[in-house]
Amino acid sequence: MIEIRFHGRGGQGAVTAAQILATSAFYDGKYSQGFPFFGVERRGAPVMAFTRIDDKKIILRSQIYNPDYVVVQDAGLLSAVNVVEGLKKDGTVVVNTTEEDMDLGFKTYTIDATGIALDILGVPIVNTTMLGAFIGATDIVSIDSVKKAILNTFKGKLGEKNAKAAEVAYNTIKNKE
Amino acid sequence: MEKIDIITGTTAAAMAAKLSNVEVIAAYPITPQSHCVEALAKYVADGELDAEFVKVESEHSAMATCIGASATGVRTFTATASQGLALMHEMLYIASGMRLPIVMLNTNRALSAPINIWCDQQDSIAERDSGWIQIYAEDNQETLDSVVQAFKIAEDEEVLLPVMVNIDGFILTHTVEPVAIPDEEKVREYLGIYEPKHAYLDPDRPITQGPVGVPECYMETRKDLNDAIEGSREVIKRVNEEYYKLFNRKYGNGLVEGYNLEDADTVLVAMGSVCGTIKYVINELKEKGKNVGLLRIRTYRPFPKEDVVEMLKDANNVAVLDKNISLGFNMGALGIDVSSVLKNKKVCNYIVGLGGRDITPQDIEEIISHVEGAKDGETKWINLKE
Amino acid sequence: MVTIAAIIYEPGSTNKNKTGSWRTFRPILDNKKCIKCENCYIFCPEGTIYEDKNGDFKINYDYCKGCLICVNECPVNALTSTREEK
C-alpha cells in the first residue's frame, strides 16, 4: 500500500488533489482512497489531505502518519509545519518552490508550480500542477490517468487548462532528470 | 450495467436514493448537513430525478415534512447529522409510531458541547429507542447498498418502520473510494413502487393517521411496534440474501458480520468504519500467527441478540468498542447491550474515537492486548491524552 | 384489536360519540324570530347548527354540547336557553 500526504493551504485544493490522485489510481486499475485531514478548515490555514493506493481493497480507515510521499503545495508551509513528519526513511518530497535545490533530509524534488499555474491557468492554484510534478517524480500512477481524472473533475476549458498544467509540470520534472 | 465510480459516502447515499426513485426529499441545508442532500437537490434541479425537494427551516421540520409526505403514501428520504438528528428527536418517534417507512442517512457526528462536527456515534445512539431500524455501514459501497436495502426493509408489509442508515462522519462522508453503482432500472425493478396499504392519502377513502392513543390502546400500539421491529430481523436477513442474488454483494447475514471468528479466543465487537481498521489489524496479526476475530454489528436495532450469543460462544475475551458513552454508566451503548446478552463471559468495553479522535491500528492492538489481561467488566478509554 | 399505528380506517367515527348528553342547558331557536343572519351557524364550535331544506336553521341535539355561544351571538334573541331535564 502506498500512502501520500498533501500539504497545502485552505482553498488551494489539496483535498481535490488527493481525490484526483485517488481517481487516477482507480483508472489505472488500482484500489484507492482520497480524504482530507479531519480538522478545522479555514481559508489560508495549513491543511492536509491524503491518498492511499493499493492493489487490493483498502480497509484501513485511520489517517496517515507514515506516508511514503509528501507533496508540499506551498513552500511557505515549510516554516510553519514539519512537512516530513513521519515520512518513511526512503520517502520522497515534492515541493512547490522557486528554489532549484532543497535539503529536507529526504529525496526532494522542487518545481516552480506557481509559475506554471500562473502561466497556464492565470491563477496561483497549484493543486493540479503539483499533481503533474508529483507523478513526474514518482510515476505511481500514469499521467494519462491523471489528465483523465482532472478532465472529469473540472468541466470544459477549466479541465483542459488544468490537465495542460499537470502535463507541463510532469514534463518539467522528467526533463530535470 | 453496473458501473464503478470513485465517490464519497454521502454521494453514494444520494445515488442510492436516486436509484431508489424517491419521490419526496425534505432537508435543512446547513451545517451539520452533508453533501448528500446537496447532491439530491442537484439531481432534482437537473431533471435526473423526478422528486419533490422541500427546503425546510429546521431538521424538526424536515422530519415533519417527511412524515407528512410518507403518510400520503410516497417514498421519502432525508439526511442529517448530529445536532440535526437531535433536533429531529420528537419527530423520529412520530415517524415510527405512525409506521412510516422513511429512509434517512445519518452521518455520525458528535454532539455539542463543546462544539464538535467530527465523527462519533453518540447522535444515533441517542435515538436508539425511537423505533427506527438502525444500520451502520462500514464503507461507501455498503452505504449505497444499505440505502437501497433500507427501502426494501422499511416498506416490507411485515415491517413498515423507518430506517436510519448510519455512516461515520468524515471517515466515510469525506473519503472518495471506488463504489459499484447498480443499474438504475434493476434497482427500480427490485424495489418496485411504494404502494402502502396501511397509510396513504386518498380522498375517496379517507382515513385518520396519528390519532389520540388513549390508555386503552396506547400500550397495544407500542407492543405492535416492538413486535414489528423484533420481526424485522428476518426481513433484514432475507433482503440481504435477495440483494446478494441480484447485485452480488452481501453483508454478513444482514444483522452481523463475522470476520476470522474461527478459533479466535479474543474477539472485538464494533460498528461502522472502524471495523475496516480492525480487519486490517486482524490480517496483520494473522500473518504473525495470532488469531483475533471481529463481530461487526451491522444492524444495531433490532439488536441481533441470538447472533451475538451464537457467534461469540467460543470467545473468551470479548472487547466491545463504542464511539459513544452512556454518561453515568461509564460504558458505551454497545458494551452495555453485549454485556446484557452474554452470560458468564469476560466482556470489556473500550471508549474510542469520540469527537473525531482518530482510531489507529496501534489503538486496536492496545485493545487486544488489554482485553487479554483484563478482568470482566472493565471499561477503558483509548488514546486519551494525559 | 388495535389497528396498525392506531390508524382509523372508517371515516366519521367521531359521529359515534354523541355529545348531546353533555348539555346542562339546551339552546332553543325560535324560527319565527330568526332573521337568518347565520351568526349561530358560524359561531357554533361543534358545527351542530344547520340549514334545513326549507331554509330554516336547526340545532342537532345529538351533538350540541350546550355551550350557548349561539344564544350569546344571536342579535335578535331568537335563541334562548332552558335547563335540560335529565
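None of these values were measured; they are calculated from a predicted model.

Please set out the overall build of chain C residue by residue, giving values where relevant.
A count of helices and strands for chain C gives two helices and four strands. Ordered by position in the sequence, the α and β elements of chain C form the string β-α-β-β-α-β. In terms of overall size, chain C is more extended than a compact globule, its C-alpha atoms giving a radius of gyration of 16 Å where 86 residues would be expected to give roughly 12 Å. Summarising its shape, the C-alpha atoms of chain C cover approximately 50 × 30 × 20 Å along the three principal directions. When each of the 86 residues of chain C is scored for burial, the buried share is 33%. In the structure as shown, chain C presents an accessible area of about 5800 Å², 50% of it carried by carbon and sulfur atoms. Treating the 12 positive side-chain charges of chain C as one cloud and the 11 negative ones as another, the clouds have centres 5 Å apart.

A description of the interface of chain A and chain B should follow, citing residues and the corresponding values.
Across the contact, 22 residues belong to chain A and 25 residues belong to chain B. Both sides together, the interface formed by chain A and chain B hides about 1900 Å², and carbon and sulfur atoms give 64% of it. Contact with chain B buries surface across chain A, with Phe38(A), Ile59(A) and Arg61(A) losing the most and accounting together for 37% of the total. Our count for the contact surface shared by chain A and chain B stands at two salt bridges. The salt bridge involving Arg61(A) is made with Glu177(B); its shortest N-O contact spans 3.0 Å. Seen at the junction of chain A and chain B, the total is eight residue pairs in polar contact (both at pLDDT 80 or more). Mapped onto the side of chain A that touches chain B, the elements with two or more residues apiece are helix 1 (14-27) and strand 2 (31-36) of chain A.

So what's going on with the packing of aromatic side chains? Which residues, and what values?
For the structure shown, the criterion picks out 13 aromatic pairs over all chains. Plain terms: the ring middles of Tyr69(A) and Phe134(A) are 5.5 Å apart, the flat faces sit at 80° to each other, and that makes the pair edge-to-face. Separated by 65 residues along the polypeptide, Tyr69(A) in strand 4 (residues 69-72) and Phe134(A) in helix 3 (residues 127-138) bring together distant segments of the chain. A centroid spacing of 6.2 Å and a plane angle of 85° characterise the contact between Tyr136(B) and Tyr300(B), whose relative ring orientation is edge-to-face. Of the two residues, Tyr136(B) sits in strand 6 (residues 133-136) while Tyr300(B) sits in strand 12 (residues 299-301), which places them 164 residues apart along the sequence. On the basis of relative accessibility, which here comes to 0%, the residue Tyr136(B) falls in the buried class. Owing to a relative accessible area of 0%, Tyr300(B) belongs among the buried residues under this scheme. Here the aromatic residues Phe35(A), Phe38(A), Phe50(A) and Phe170(B) are joined through ring pairs into a cluster of three or more. For Lys148(A), the ring lying beneath its charged end belongs to Tyr27(A), and the centroid distance is 4.1 Å. Its end group placed over the ring of Tyr300(B), Arg301(B) keeps NZ or CZ at 4.5 Å from the ring centre.

So what's going on with the nonpolar core? Residues and values would help.
Residue and element names in this part refer to chain B. Among the nonpolar cores identified, the biggest contains 76 residues, and Leu40, Phe77, Ile297 and Val338 are the most heavily contacted of them. No other element matches helix 8 (residues 218-247), which puts eight residues into this core. Looking at which domains feed residues into this core, each of domain 1 (3-247) and domain 2 (256-381) supplies at least three.

Can you tell me about the environment of Val44(B), naming the residues and giving the values?
Residue and element names in this part refer to chain B. Inspection of the secondary structure assignment puts Val44 in helix 2 (residues 35-45). Taking the C-alpha atoms as reference, Val44 lies 45 Å from Asn330; in sequence the two are 286 residues apart. Leave out the neighbours within four places in its chain, and Val44 touches Ile25, Leu49, Ala51 and Phe53.

How would you summarise unusual backbone geometry if you had to cite specific residues and measurements?
Ala113(B) follows Ser112(B) through a cis peptide bond whose omega is -5°. Take Ala113(B): it is sitting in the loop between strand 5 (103-108) and helix 5 (122-125). Arg301(B) connects to Pro302(B) through a cis peptide bond whose omega is 5°. Looking at the secondary structure, you find Pro302(B) in the loop between strand 12 and helix 10 (305-311). A positive phi angle, near 55°, is found at Ala6(C), a position not held by glycine. Residue placement: Ala6(C) occurs in the segment before strand 1 (25-29). Looking at Ala6(C), the relative accessible area reads 13%, which means it is buried. Unusually for a residue other than glycine, Asn77(C) sits at a positive phi of about 55°. As for its placement among the helices and strands, Asn77(C) is situated in the loop between helix 2 (69-73) and strand 4 (79-83).

Break down the confidence of the model for chain C for me, citing the residues and quoting the values.
Here chain C shows a mean pLDDT of 94. Residues at 70 or above account for 100%. Both scores are available for the predicted complex, with the pTM at 0.93 and the ipTM at 0.94.

Help me get a handle on the interface of chain B and chain C, residues and values and all.
Put simply, an interface is often sized by how much accessible area is lost when its parts join up. Contacts between the two partners involve 17 residues from chain B and, on the opposite side, nine residues from chain C. Across the interface of chain B and chain C, roughly 1000 Å² is buried in total on both sides, 71% from carbon and sulfur atoms. Joining chain B to chain C, the criterion identifies two residue pairs in polar contact (both at pLDDT 80 or more). A per-class count over the side of chain B that touches chain C returns eight nonpolar, five polar and four charged.

Quick rundown of the state of the cysteines? Include the residues and the values.
Summed over the entire model, instances satisfying the criterion amount to zero disulfides over all chains. Counting only cysteine sulfurs, Cys275(B) is the nearest neighbor of Cys348(B), a cysteine outside any disulfide, at a range of 18 Å.

So what about the pattern of salt bridges? Which residues, and what values?
Residue and element names in this part refer to chain C. Scanning all chains against the criterion turns up 44 salt bridges over all chains. Its salt-bridge partner being Lys18, residue Asp62 comes within 3.6 Å of it at the nearest N-O pair. Taken together, the positions of Asp62 in the loop between strand 3 (57-59) and helix 2 and Lys18 in the segment before strand 1 put the pair 44 residues apart, joining distant regions of the chain. The partly exposed category is assigned to Lys18, whose relative accessible area is 47%. Residue Glu84 pairs with Arg23 through a salt bridge whose shortest N-O separation is 2.8 Å. You can see Glu84 sitting in the segment after strand 4 and its partner Arg23 sitting in the segment before strand 1, a full 61 residues away along the chain.

Talk me through the domain arrangement of chain B; I want residue IDs and the actual numbers.
Residues and elements named next belong to chain B. For chain B, the domain assignment lists domain 1 (3-247) and domain 2 (256-381). Using only C-alpha atoms to locate each centre, domain 1 and domain 2 end up separated by 27 Å. Of the roughly 2200 Å² buried between domain 1 and domain 2 on both sides combined, carbon and sulfur atoms contribute 47%. At the boundary of domain 1 and domain 2, one finds six salt bridges.

Reading the values: the criteria
- Residues numbered from 1 in each chain as written.
- Chains lettered and ligands numbered in written order.
- Predicted model: local features only at pLDDT ≥ 70, side-chain atom pairs only at ≥ 80, totals over all residues.
- Heavy atoms only, no water.
- Helix = DSSP H or I, 4+ residues; strand = E, 2+ residues; numbered from the N terminus.
- Rg over C-alpha atoms; globule rule 2.2 N^0.38 Å.
- Buried < 20%, exposed > 50% of the residue type's maximum accessible area, 1.4 Å probe, protein only.
- Areas by Shrake-Rupley, 256 points an atom, 1.4 Å probe, with all protein chains shown as cover.
- Lys, Arg positive; Asp, Glu negative; His and termini not counted.
- Charge placed at Lys NZ, Arg CZ, Asp CG, Glu CD.
- Contact = heavy atoms within 4.5 Å.
- Buried area = accessible area lost by both parts, 1.4 Å probe.
- Salt bridge = Lys/Arg side-chain N within 4 Å of Asp/Glu carboxyl O.
- Polar contact = N/O pair within 3.5 Å; in protein donor to acceptor, adjacent residues only side chain to side chain.
- Phe/Tyr/Trp six-rings, centres within 6.5 Å; stacked < 30°, edge-to-face > 60°.
- Lys NZ or Arg CZ within 6 Å of the ring centre and 35° of its normal.
- Core = buried A, V, L, I, M, F, W, Y, C linked by side-chain atoms within 4.5 Å.
- Domains from an automatic or database assignment.
- pLDDT = per-residue confidence, 0-100.
- Nonpolar A, V, L, I, M, F, W, Y, C, P; charged D, E, K, R; others polar.
- Disulfide = S-S within 2.5 Å.

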